[in-house]
Amino acid sequence: MVAQSLASLLQRASIDDHEEVLQSCNAVLTKSKSNLQAQHMKVVALLKLDRYEEALKTFQAGGDALKQSAGLEYAYASYKCGKLEEATEALTRAASGRGASHLEAQVRYRAENFRRAAELYEQLSKDAASSAHEVNDLSINSWATDAQLQWKGETEFVRHDRLSREDLESFETTYNAACLNIAKGEFKQSEVLLNRAQNICRTSEDLSPEDKAAEMLPIAVQQLYVLIQLGKLEEAEAVLKDISVENITELSTKKIARNNIVLARPTDVNPYILYKALHDTPDAINNDRLFEFQDPKAQSKRPSPSTDAITNLLSVFNAAAHAQGETGPKALKQIVPLLERRPTDIGLLLTVVQLYVSGGNTTSAITAMERTLRCLEGSNESIRFNPGLLSVLVSLYQREGPRAPRVPPPRSSRLLLLHSEDRADLATAGDLFRGLHQQDPNDRIAIAGYVASQATLDYAQIESELDRLPAVSDLIADVDVSALESAGISPSASSVAAAAAAFAGARKRTAASADDRANKRVRKSRLPKDFDPAKKPDPERWLPVRDRSSYRPKGKKGKQRAAALTQGGPVNEKTEESPAQQQQKSGGGSNAKKNKKKGKR
């Protein structure tokens, strides 16, 4: 009887009369608390009235039976209350169909699983017959998802590149396209798109004046941010007049608006007033909360150390905040003490390294890297031996040159030790790979490392292991070198050098024989005028004339000088005396003659 009265009531009720439906369901449930149909209709009415917390409480009271029979409604109520894990589980367990796909896309978007959300929107768009009346909504949501993918750094999954004519007719799609350009750092294009979105919204005939004012506020807040980034502070002041923060209903948008307003105004303001302005808006909750890259407290919630891109990007933002707009040495003065307090913060470390390298101080960059690697030793080996992190260190060593240590800190990467020319390093690498080989005799990487490290030290010791490694010809049998080069994979430096030497070997200077030098062609401009190619040149032509064997002095003085210089000849004491000694014997030279008094004649 109760079920019949409820069914007749629902038949008579209008589609907008949700309060009456709710009252009737409550009346039925007072008599029969386990009436599943009444519970189901009650949660639908609550959802229609935007009373999501009450709907979720009704599901909790109804138990698993209600959650299963009204799986889509339970997922939606959980989503609106910010319980994203429960919503995802409900959709996976009970709901299916196009409506469930739409809801799952929204849940994934809010959970910041933008890749999955983009996939769902793409699947929904492929069904042209079913999506005919959803084209605009799907376009708006997919553009928003792509903007978030760009912010998150997953640019390879961004599907949209250019707005279509239909997209430009919607202010929501144009606005989301502007957000995508902001994420790319293309602020000039973003400014153009935001102006267009504002004009479309202002002239729309489908919106009431109240709706237009509500839609224009987020656009103005985004315009303010773009103008600040472009340095157009006068135009930003004009936009400030159009922003009424108190009229913004969404707490997340209100908080961002207040932050942008603070940035647009002069900085010589009382810091306590700035602090009050930045914290005047309470933190948003549930689905209205800020995304992770917008949340100033997100970094404290992240594990450290980490190689996650978002975590390290938050560290960069944090470093920029501490630098207070400074760059170079002034920024380092603020950030280096921060790294000393958080030595395992990888994002902060890389920021410090970049600033050091930009200033030409590679040594300090290496010191910072080595300090962090030592802090990671023993506790976070997977991060310590991260290939990207070690490649940065190796690049710093190469940049520094011979003065820097040629190997990383003690007990560093086994693979890097293989590239060392130090026998001690090779021995250490051999011990490490031998231990791995003993743990797993079939590990080919361990065998290869062991062979590579010991081949130059004790070949006989590793000769028996060579047969267990695949032949080089087998490893490269399916490699198409031409295809790799055409795809952008450049050949190795050694192969390039060898090819260059083979192609231009005549240009490379090498040691040549005497005959090659004698027969080498000489340009005519360097030959003397009386040069005779049939006549053999004098081999002593490079010696001074008096040192040649053909030299014959002329005149008496020349013959005396030649005789005096003849090895083994008689010694002339006068010639052996220095000019100073001869001057002393002659009475002191010309000055002595001038100072000598004249005698009587």
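Anyway, here's the lowdown on the structure attached to this text. (Residues numbered from 1 in each chain as written. Predicted model: local features only at pLDDT ≥ 70, side-chain atom pairs only at ≥ 80, totals over all residues. Heavy atoms only, no water.)

1. What about the overall build of the chain?
Counting its regular elements, the chain contains 33 helices and 0 strands. Restricting to contacts in the chain with at least 6 residues of sequence separation, those with at least 24 account for 49%. (Helix = DSSP H or I, 4+ residues; strand = E, 2+ residues; numbered from the N terminus. Contact = heavy atoms within 4.5 Å.)

2. Brief notes about the pattern of salt bridges
Applying the stated criterion across every chain, the model contains 14 salt bridges. The shortest N-O distance in the salt bridge between R98 and D127 comes to 4.0 Å. Of this pair, R98 sits in helix α7 (residues 98-110) while D127 sits in the loop between α8 (114-126) and α9 (135-152), placing them 29 residues apart in sequence. Under the relative-accessibility criterion, R98 is labelled partly exposed at 22%. In this structure, E134 and R98 form a salt bridge, with 2.9 Å as the shortest nitrogen-oxygen distance. In this pair, E134 sits in the loop between α8 and α9 while R98 sits in helix α7, placing the two residues 36 residues apart along the sequence. For E134, a relative accessible area of 11% translates into the label buried. Via salt bridges that share partners, E104, R108, R116 and E119 belong to a single interconnected network. (Salt bridge = Lys/Arg side-chain N within 4 Å of Asp/Glu carboxyl O. Buried < 20%, exposed > 50% of the residue type's maximum accessible area, 1.4 Å probe, protein only.)

3. Section: the side chain of T173
For T173, the position within the fold is in helix α10 (residues 171-184). In this structure, T173 is in contact with N136, S139, I140, W143, L163 and D167, ignoring residues within four places of it in sequence.

4. Some thoughts on the environment of I140
Examined against the element boundaries, I140 turns out to sit in helix α9. Accessibility expressed as a relative area gives 13% for I140, which makes it buried. Remark: the alpha-carbon pair of I140 and D167, spanning 27 residues in sequence, is separated by 8.4 Å.

5. Quick look at the packing of aromatic side chains
Counted according to the given criterion, the structure contains 7 aromatic pairs. Relative to F114, the ring of Y109 has its centre 5.4 Å away and its plane inclined at 70 degrees; by these criteria the two rings are edge-to-face. For F114, a relative accessible area of 3% translates into the label buried. Members of the aromatic cluster, joined through ring pairs, are Y52, Y76 and Y79. (Phe/Tyr/Trp six-rings, centres within 6.5 Å; stacked < 30°, edge-to-face > 60°.)

6. A closer look at the nonpolar core
Ranked by internal contacts, the top residues of the largest apolar core, which has 26 residues, are I335, L349, V353, M369 and L396. Taken together, the elements giving at least two residues each to this core come down to α16 (309-323), α17 (328-341), α18 (346-358), α19 (362-376) and α21 (387-400). When neighbours within four sequence positions are excluded, L396 is seen to be in contact with V353, V357, T362, A365, I366 and M369. Counting residues in hydrophobic clusters, the runner-up holds 25 residues, among them V43, L56, A75 and V107. (Core = buried A, V, L, I, M, F, W, Y, C linked by side-chain atoms within 4.5 Å.)

7. A word on the side chain of H18
Tracing the backbone shows H18 in helix α2 (residues 18-31). Setting aside residues no more than four positions away along its own chain, H18 makes contact with A45, K48 and L49.

8. Overview of the packing of α7 against α8
In contact at an axis separation of 8 Å, α7 and α8 are set at 155 degrees when each is read in the N-to-C sense. Of the possible angle classes, the one that applies to α7 and α8 is roughly antiparallel. Crossing of α7 over α8 shows left-handed handedness. Contact residues: α7 offers R98, S101, H102, E104, A105, Q106, R108 and Y109, while α8 offers F114, R116, A117, L120, Y121 and L124. Among the residues forming the contact of α7 with α8, the class breakdown is 7 nonpolar, 3 polar and 4 charged. (Axes fitted to C-alpha atoms, helices over the stretch in contact; angles between N-to-C directions. Parallel < 35°, antiparallel > 145°, perpendicular 65-115°, else oblique. Left-handed = near helix turned anticlockwise from the far one by under 90°. Nonpolar A, V, L, I, M, F, W, Y, C, P; charged D, E, K, R; others polar.)

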